[in-house]
Amino acid sequence: MQIFLSVKKMQEWAFQAKKHGETIALVPTMGALHAGHLELVRHAEKEADKVIVSIFVNPSQFGPKEDYKVYPRELEKDLRALSQLKVDAVFVPSLEDMYPEGYETWIDLEKLPGHLCGLTRQGHFRGVSTVVLKLFNICLPDAAIFGEKDFQQLLVIKKMVRDLNLAVRIVQHPILREHDGLAMSSRNMYLSEDERKNASVIHRSLDRAQKLYDSGERKSENLIQVINQMIEGAGGKVDYIKVCDLNTLNDLPAVDSDALIAVAAFFGKARLIDNIVLRAKE
Ligand code: PAF
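Structure report, in brief. (Residues numbered from 1 in each chain as written. Predicted model: local features only at pLDDT ≥ 70, side-chain atom pairs only at ≥ 80, totals over all residues. Heavy atoms only, no water.)

### As for the packing of aromatic side chains
Point 1. Taken as a whole and assessed by the stated rule, the structure comprises 7 aromatic pairs.
Point 2. Each ring, one from F62 and one from Y71, has its centre 5.7 Å from the other, and the planes form 75°; the classification is edge-to-face.
Point 3. Note on F62: relative accessible area 10%, which makes it buried.
Point 4. The buried category is assigned to Y71, whose relative accessible area is 7%.
Point 5. An angle of 20° between the planes, with centres 5.9 Å apart, marks the rings of Y99 and W106 as stacked. (Phe/Tyr/Trp six-rings, centres within 6.5 Å; stacked < 30°, edge-to-face > 60°. Buried < 20%, exposed > 50% of the residue type's maximum accessible area, 1.4 Å probe, protein only.)

Printed below as a string of C-alpha cells:
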C-alpha cells in the first residue's frame, strides 16, 4: 500500500495505472475510519483493479461554527486499518496542496443544495462537490464509492457527474449500522455514553415510520410527527425531518411514489443524519 502526500505524485501514479490499462476505484473519506468506511473499501475491490482511499478533512465543506477544528483525525490508526485490506494507494494531501493560495474555483449546484442539510449548512455542498471533483481529477477513478447515509451528498455528486459529463461511475452503498441500528458515522465519537444509547432512537423512529407506511399511512405530516415525537422524547433536538422526492428532494405532502425520509438531529453536540427509502406500493 503506497501513501501519497502530494497531488502531483498521486496523479502521476493514477496516470501510470491507466496507461497500463488498469481501472481505479476511489473511496473518498475524511478519515477517522469506522467499519462502515472499511466496508466501502471492501466493495471498491470488486469495482476495479486498483483501489485508492483518500483521507482529507476538507475545510470548505464546514461552516464557520462547525466542527472542522475538532473533527477527529486518526491517520495512523486509519492507515493500520487500511493496510489490512486490499488498498493500493492512500491519498493524504495537505491543505496547501488542495487549496493553494489564490484558489477561487468552485462547483455549485443550483437546486439540490437548497434542501435538507443545505438549509442549515450553508455552502456545505459547494465544498463537497468541489473537493470531490478535485479528487476525481487527481485520482482518475473509473468508479467512486459513496454511502447512502449522506443521501443528499450522493445525489449532488451524481448530478455533478451527469451535468459535467465526468467519466466516473458512482457506486452507492447501503447504510452500515451499529448493532442497535445507529448509522455508522465518524461523528458518533462525539456522543457521551448516554447520548450514544439515546441516539439509536433515530433508526427506531424511521423503522416505525416504515411500519406505519406499510400499514397504509400515506400522509407525510403523520409520519414526520411520529419520528419527531420519538426523537425529542429520547432527548434529541431535531434539525429537520423531511419526506421528499428521491431525486429532487422536493417535499412530498403524501407518499404516493418512491420517497425518502431524511432526518438530522442533535444528540449533545453530535449532529447525526439518517434516512430510509419508502418504495411505492402497487
Ligand atoms: O462523505 C465524506 O466523508 C465527505 O463529504 C467527502 C465525500 C469525503 C468529501 O470531503
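### A word on the site of the ligand
Point 1. Every residue lining the ligand is accounted for by P28, T29, M30, N58, Q61, V131, V132, F146 and Q153.
Point 2. Between the ligand and the protein, one listed contact pairs an oxygen atom with a side-chain N or O atom of Q153 at 2.7 Å.
Point 3. With the chains in place, 88% of the 290 Å² that the ligand exposes on its own is no longer accessible.
Point 4. Of all the secondary structure elements, the ones that give two or more residues to the shell around the ligand are β2 (24–29) and α6 (124–139).
Point 5. Considering only residue class, the shell around the ligand consists of 5 nonpolar, 4 polar and no charged. (Near = heavy atom within 4 Å. Polar contact = N/O pair within 3.5 Å; in protein donor to acceptor, adjacent residues only side chain to side chain. Areas by Shrake-Rupley, 256 points an atom, 1.4 Å probe, with all protein chains shown as cover. Helix = DSSP H or I, 4+ residues; strand = E, 2+ residues; numbered from the N terminus. Nonpolar A, V, L, I, M, F, W, Y, C, P; charged D, E, K, R; others polar.)

### Thoughts on the nonpolar core
In summary, soluble globular proteins display a tendency toward joint burial of nonpolar side chains.
Point 1. Counting residues in hydrophobic clusters, the biggest one holds 48 residues, and the most contacted among them are M10, I52, F91, M98, F136 and I170.
Point 2. The greatest single-element share of this core, amounting to 9 residues, is contributed by α6.
Point 3. Sequence-distant contacts of I52, defined by excluding residues within four places in its chain, comprise M10, W13, I24, A25, L26, V27, A89, F91 and C139.
Point 4. Membership of the second largest hydrophobic core comes to 32 residues, among which are M30, Y190, A265 and I276. (Core = buried A, V, L, I, M, F, W, Y, C linked by side-chain atoms within 4.5 Å. Contact = heavy atoms within 4.5 Å.)

### Here's the deal with the sheet that holds strand β7 (residues 237–245)
Point 1. Here we have 3 strands laid out as an open sheet, ordered β7-β8-β9, and antiparallel in their pairing. Edge positions in the sheet fall to β7 and β9 (270–278), since each of these pairs with one other strand and no more. Across this sheet, the average inter-strand angle for adjacent strands is 10°, counted without regard to direction.
Point 2. With 8 bridges joining them, β7 and strand β8 (residues 259–267) adopt antiparallel strand pairing. (Pairing = 2+ DSSP bridges. Axes fitted to C-alpha atoms, helices over the stretch in contact; angles between N-to-C directions.)

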